[in-house]
Structures are given as structure tokens and as C-alpha cells.
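Observations on chain architecture
Listed below are the residues making up each chain.
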Amino acid sequence: MGTCIQKLFIDTSALANEAAVYEKLYPIIKKRIEDRCNTVCMNTAGDADFVLRFELDPQIPTEGFRLADLTACKGILITGREFLGLMYGAGQFLHKSGYTAQGVIPTDWRGLSVPQNEKRVMQFCQHFYNWYQMCSEDELREHIEDLVLWGLNGVSGVFSCLNLKGWDDPELESLVRNFRCLLKTGRDLTLQCGMEFSNVDFMNPREELRADYKYLISKTGNIICPSKPGGYEYIQELLEKILTFSDDIGLDFIVYIAYDEGGCSCDDCWPWAGKGYYDMTHRLSKFVKQKYPNMEFWLFTWYVGRGKDHIDEWPSLYKRLQEDAAKGDNWADYLLLETRDDYDQVYYPVRNGKPTEKIKMLTFPDVSMTGLTPWGGFGAVCMPELMKHWEKPFENDCNGGYLYTEGIWDDITKVAMLGIYWDRKRSTDETIADYCNYECQGIDPKDFVYLVKLIEASQSCTNRIDARPVPLCFCQEAWELAQKMNDAAPETTQKYWRWRMMYIRAYLDLVRYTECARRGWPLLKGARGWFNFWRPFLEHDQKAQDYLLELIHLYKAQEIADQTKYAYHYYLRPPMTRGHDFKWEAQLNGNTMV
């Protein structure tokens, strides 16, 4: 890299006659640079000592970009075919450049980069009072912009009936506002926009329409049976109402969730994937097409085929899709495939190929909660190598992915997965090193990459059906390294939320694993799924409790998680222990999940 730049001219003049979206480039880049260093960004030449120029080039492949030297002055020319190509080029410049107190040091990377995978979509769950539900609109927009700079090209919203008692619930307005903000931000950035939908109802149950739960692995929510009289009609009314919230924004796709939440085990619906689910989604799609003729339909197969009672699901789903395709009814556009390797049926689509010629397949990696309960409860989720391992069997059959996020704790893994979808041959270490360089100034990227590996090595021991003790040397080395890195970093990095989640994770891992080992690793199989498993191993340590409270504030979670008010919040709230030394509210009649 070269020398620090004091004044940077971000030149978008060549885009002056293009669509208004190109005006977003300047403020997005300006904010990211000026937040990280003392370089002054300008939209006029003035006395700038470096130029970052943007131009369109129709010869560059879709969503690709090129960085080249300017010939007339000192600077870089970023070219792309469309707005997203220029955004991805800007991201490459930002992530590869250096940042010091004196200013930005422009990257010396030059060349052409084109994404290998068509779909790089993210599902933002706005439920359970997580960060995406509780953050401000400005925070949500900035977070999505950050991910676009790493290669994101689609967003999917979840309008969660689980958190509402009905259409007259006082929280409806805020839920609709955040749902719309997500989709509007995506549309404003020219991303593909979609939403998820299933046969799940509001909090208050309707017993006359209640689904049969006996074969369902996840029994969350009040689920409606589409085969009971009035069941399908009620589900269609829910979808029709939710679609009106985005009528002025426009949707490109609907993701139909099979399970979690969703499903029904009654005789008229089972096997769910090839019977009740298929009938419901096929019928819904015909209804939706009447008003939204260009809508795509994505079938979300999370949990399909999982367990001995589900063995007929994949064959029955394939049979139904193939029968309709033979009639010329190719209504489904994508299959979303779970990648976890803890049951054999996950590989059914790999072994059998696509069910029809038209349909395409995407992976659905669990980047947000893998092996951690509560999700993100101990800080940053660092599982890039596991995600890459799980992707490997699907890479020749899938053209990208549909990432799932419950909060901000999975930031590193989300970025690593976007890197994999952009270039499957690229090392995740390189992506994580760029992440450190960009987000954690003053920290050695090599140390950061190694810290991620140490944290992942510890977690991979308990993220198993056959969980095993963690070698304490991993978490001891991780905490020592985190302290060294923190001491070397400037104060701005030490206080930055992305680094704080890493630093806290290293400490909480050390405390919980050490105490669990001291007690002889009791009931270790519960580490993977019991939400309160790790709490007793942290409650004795005051610093651990302080850090858990800090995470609660970072996640915009509740200090007291009243289950009667904050439904399912304990799934993602860090496991702070009751009695910690801060101001508690009144006791909540035994309904507190703390």
C-alpha cells in the first residue's frame, strides 16, 4: 500500500445522468471512511490528493467490478455494469485499504472480480425481540448497506405473527414499520426483495384449526392445519393481508417455510412436504399470481426428511413437483436446502439431482445459532470453516445461498459466507483478514484469523450430537491472545461492537468451559440444545456477568425477559443470572426467564 490520503475526491460525476440510486454511492463511502480515519471525503475535486472515480461499463459481467489506476491523476477507477457492481467495487476498495489515525491508505489491489453464484440473499428474522426487531430504522439501513458492500444481493423479511396477539395488537405498527424498512432499504439498493410465510398463526390459539404436532421436531408457535375446514382459507387471508404491507415497495419472491415454524402431522397433511405443505403452497401460489404475476416461489426445506417419521418427505415432494412439471405447471422456482450434516436425508437433492429442469437450488446455512444456546449468548459466532465444510457437498448443484440471521452476533460468519458465494475457491482466512483490516483497526489480521480459529475449535466440540469436552488450552490461548490484541488496539476499536463481541466471547468461553471441566463435564449433550445449560457455569464470575449484561445491551435485548411479554426472547438473550449487581425491576410472578 502507498501513503495516507488526507483529502479524497469521490467522483461520481460520470453517473450524473443515471438513476437516482447512484447518488447513494458518495454518502455510503464517505461515512465508512470518515468513521475509520481522519481522511476528509469530498464530492468536488478541490485540493484532493487522491481520486476515487466511478463509471459504468456494460462490458463487465453482471454484478462484477474492476479496479484500475487512473491515468490522468493519482487515483483508482471503479467500473461496473450497474449500481450493485459499483457497490461491490467500493466494498473491495474499502475492505482492502488500510486505515490509520492519519488517514486511509488506498489498496493496491487491481483487477476484475465477478461473483460465481447468482443468489447471495439474506433472511433477516424480525422476531423474538431480537436486534432486527428492536433496532432503529437508521441502524437497520446501515447494517444492510454494510452487508451489500460484502456482496449481498437480496433481502428477505419475516413478518412474525408469533409476536402478535392479532391485528389489533398495539405492537403491530412497530412490526410493520421494521418489516417495511427492511424491504424498502433493499429496494432502494436495487436488491431482490422477498418475504417468508408459513401456516403459523398469532399468539392466541384457534383450537378448531390447530395443526397436529406429533411428528413435528419444532413445535414453536400456534400452527394452522390447512386441511381442516376453513384452515386454508384462514392461511390465505393472513398472506393476503401481509402482502399489502409491501404493495408500494414490491416483492420479487415468497419463501414458503416447511417447518420451524410450520407443519402438520394429520392424516390429510402427512407426509407434510409432499402433501399438506405442497397442496397449501401450490394453491397459495396460484392465488398470489393473480395479483403479482412476476412473483417467484421458493420452497424452504429446513427439517424436511429429518427423523424416522419423515423418511417419505423428499420422495413425495419430488414426485409432486415432477407430476406438475409434466403437466406444464413449473410453479416453483427454487428449493432452499439445509446443509447441516447430522442426518443423511439432507443429501437427498444432491444424490437425486434437481426434481425438475426449471427449478434451481440454493443452500440454507445456519450461520446464526449453530451450536449456541442461547443464540449468540456468549458473543460473536465464529464458524466459517464449518460453514464451508457444510457447503462443499452442495457447491456443484446450488447457485448461491439464502443466509439466515437472528442478530448481529453472526457478523463474521455472514461475511465469510458472502465471500464463499462470491468465490468458492477463495480462502475464508482471506475474507476474515479483510474483515479485521476494515472493522478492527490496529489489530493484526493474522492474530484475528487465528483467534477465530481458536474460538471455532472450542465450539466445534460442543456443537455435536455426541458433544465432547473442550480442550481448555484452546480457550486459554484465545483469551490470552484477545487481551494482547485489545491492548494493542486504539480506544475506538476497543469500544467497537464488532470487536467487543469477539473479546467477550473469548472470556466467556474460558469461564464456562473451565467451570464445566471442574465439575466433570456433566450432562454435556445438553450443551447443544438446552437454553439454560451454560448459565450455572457462568454465574459465579462477576466479570462474566458484566459481559453478559453488555451483550444484552449490544443486542438490544431485555434485561429482564418476561415470557408473558417477550415471547421466545430467551432463545437469544445472553444467559445472565438473576441477582446480578444492577438495578432490577419488580419480580414478575415467576414468569421471568433470566
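Structure: above.
Bear in mind that the values here come from a model prediction, so they are computed numbers and not experimental data.

1. Some words on the overall build of the protein chain
A tally of helices and strands in the protein chain yields 17 helices and 18 strands. Relative to the 2.2 N^0.38 estimate, which gives 25 Å for 594 residues, the radius of gyration of the protein chain is 24 Å and therefore close to what a compact globule would have. Overall size of the protein chain, expressed as C-alpha extent along the three principal axes, is 75 × 60 × 45 Å. Put simply, the protein chain has 594 residues, and 61% of those count as buried. Sequence separation of at least 24 residues holds for 75% of the intrachain contacts in the protein chain that already meet a minimum separation of 6. Summed over its atoms, the accessible surface of the protein chain is roughly 22700 Å², and 49% of this surface lies on carbon and sulfur atoms. Positive and negative side-chain charges of the protein chain, numbering 68 and 85 respectively, have mean locations separated by a distance of 1 Å.

2. Brief notes about the pattern of salt bridges
Opposite charge on two side chains lets them pair, provided their charged atoms get close. On inspection of all chains with the given rule, the structure shows 50 salt bridges. In this structure, D35 engages K31 in a salt bridge whose closest nitrogen and oxygen atoms are separated by 2.9 Å. Judged by relative accessible area, D35 falls into the partly exposed class, the value being 49%. Across the pair R141 and D138 runs a salt bridge, and its minimum N-O distance is 3.0 Å. Taken together, the residues R141 and D138, both in helix 4 (residues 137–149) and 3 residues apart, mark about one turn of the helix.

3. Brief notes about the packing of helix 1 (residues 25–34) against helix 4
Running from N to C, helix 1 and helix 4 point in directions that differ by 90°, and their axes come no closer than 12 Å. Relative to helix 4, the element helix 1 is oriented roughly perpendicular. For the pair helix 1 and helix 4, the contacting residues are I28, K31 and R32 in the first and E142, E145, D146 and L149 in the second. Along the lines of polarity and charge, the residues of the contact of helix 1 with helix 4 split into 2 nonpolar, no polar and 5 charged.

4. Quick notes on the side chain of D541
Assignment of secondary structure puts D541 in the loop between helix 16 (497–518) and helix 17 (542–554). Lacking a salt bridge, the buried D541 has K543 as its closest oppositely charged neighbour, with an N-O distance of 6.9 Å. Once residues within four sequence positions are removed from consideration, D541 is found in contact with Y507 and V511.

5. Examining the pairing of strand 15 (residues 360–364)
Within a regular strand, the side chains alternate between the two sheet faces. Of all 5 residues in strand 15, 4 are buried; the element is thus mostly enclosed. Bridge count for strand 14 (residues 334–338) against strand 15 is 5 bridges, and the pairing is parallel. Within strand 15, the residue paired with L336 across the bridge is L362.

6. Thoughts on the packing of aromatic side chains
Going through the model one piece at a time under the given rule, you end up with 54 aromatic pairs. An aromatic cluster is present here, built from Y99, W150, Y435, Y438, F448, W479, W499, Y503, Y507 and Y547 joined pairwise through their rings. Sitting above the plane of the Y438 ring, R36 keeps its charged end 3.8 Å from the centroid. Over the ring of Y215 we find K214; its NZ or CZ atom is 5.0 Å from the centre of that ring.

7. Here's the deal with the environment of R36
Here R36 lies in the loop between helix 1 and strand 2 (40–42). Expressed as a C-alpha distance, the spacing of R36 and T492, which sit 456 residues apart in the sequence, is 8.8 Å. Apart from residues lying up to four places away in sequence, R36 is in contact with Y99, T100, Y438, E439, Q441 and Y496. In this structure the side chain of R36 is engaged in a polar contact, spanning 3.0 Å, whose partner is the backbone oxygen of R32.

8. Topic: the sheet that holds strand 4 (residues 65–69)
With mixed pairing, the 6 strands of this open sheet are ordered in space as 2-1-3-5-4-8. With one partner strand each, in any of the chains shown, strand 2 and strand 8 (111–113) form the two edges of the open sheet. Looking at each pair of strands side by side, their axes are set apart by 20° on average, direction ignored. Pairing of strand 4 with strand 5 (residues 75–80) involves 5 bridges; the strand directions are antiparallel. Across the sheet, R66 pairs through a bridge with T79, a residue of strand 5. Strands strand 1 (7–11), strand 2 and strand 3 (50–56) of the sheet are contacted by helix 1, whose axis makes an angle of about 170° with strand 2.

9. Examining the pairing of strand 11 (residues 192–197)
Counting buried positions along strand 11 yields 5 of 6 residues, so the element is predominantly enclosed. Taking the sense of rotation as the criterion, the β-α-β connection linking strand 11, helix 6 (residues 231–244) and strand 12 (residues 253–257) turns out right-handed.

10. Focus: the packing of helix 4 against helix 5 (residues 172–188)
For the pair helix 4 and helix 5, the least separation of the axes is 10 Å and the interaxial angle reads 35°. Seen along the crossing, helix 4 lies across helix 5 with a hand that is right-handed. Contacts from E137, L140, R141 and I144 in helix 4 reach R177, N178, C181, L182 and T185 in helix 5. Of the residues in the contact of helix 4 with helix 5, the class split is 4 nonpolar, 2 polar and 3 charged.

11. Looking at helix 16
With 22 residues, helix 16 extends 31 Å from end C-alpha to end C-alpha; this agrees with the ideal 32 Å at 1.5 Å per step. Summarising burial for helix 16: 18 of the 22 residues are buried, a large majority. One or two positions beyond helix 16, positive phi appears at G520, with a value near 85°.

12. With respect to unusual backbone geometry
Here W270 and P271 are connected by a cis peptide whose omega angle stands at 0°. Residue position: P271 is located in the loop between strand 12 and helix 7 (276–291). Geometrically, the link from T373 to P374 is a cis peptide bond, its omega value of -5° lying close to zero. Here P374 shows up in the loop between strand 15 and helix 10 (384–391).

13. Here's the deal with helix 12 (residues 428–439)
Residues separated by three or four positions in an α-helix point in the same direction, a consequence of the helix having 3.6 residues per turn. Spanning 12 residues, helix 12 covers 16 Å between terminal C-alpha atoms, matching the ideal 16 Å at 1.5 Å per step. Burial analysis of helix 12 places 10 of its 12 residues in the buried class, the great majority of the element. Along helix 12, the residues classified as buried are T428, T431, I432, A433, D434, Y435, C436, N437, Y438 and E439. With a side-chain oxygen positioned 3.0 Å from the backbone nitrogen of D429, the residue opening helix 12 is S427.

Analysis parameters
Residues numbered from 1 in each chain as written. Predicted model: local features only at pLDDT ≥ 70, side-chain atom pairs only at ≥ 80, totals over all residues. Heavy atoms only, no water. Helix = DSSP H or I, 4+ residues; strand = E, 2+ residues; numbered from the N terminus. Rg over C-alpha atoms; globule rule 2.2 N^0.38 Å. Buried < 20%, exposed > 50% of the residue type's maximum accessible area, 1.4 Å probe, protein only. Contact = heavy atoms within 4.5 Å. Areas by Shrake-Rupley, 256 points an atom, 1.4 Å probe, with all protein chains shown as cover. Lys, Arg positive; Asp, Glu negative; His and termini not counted. Charge placed at Lys NZ, Arg CZ, Asp CG, Glu CD. Salt bridge = Lys/Arg side-chain N within 4 Å of Asp/Glu carboxyl O. Axes fitted to C-alpha atoms, helices over the stretch in contact; angles between N-to-C directions. Parallel < 35°, antiparallel > 145°, perpendicular 65-115°, else oblique. Nonpolar A, V, L, I, M, F, W, Y, C, P; charged D, E, K, R; others polar. Pairing = 2+ DSSP bridges. Phe/Tyr/Trp six-rings, centres within 6.5 Å; stacked < 30°, edge-to-face > 60°. Lys NZ or Arg CZ within 6 Å of the ring centre and 35° of its normal. Polar contact = N/O pair within 3.5 Å; in protein donor to acceptor, adjacent residues only side chain to side chain. Right-handed = clockwise from strand over helix to strand, strands pointing away. Left-handed = near helix turned anticlockwise from the far one by under 90°. Expected span 1.5 Å × (residues − 1).

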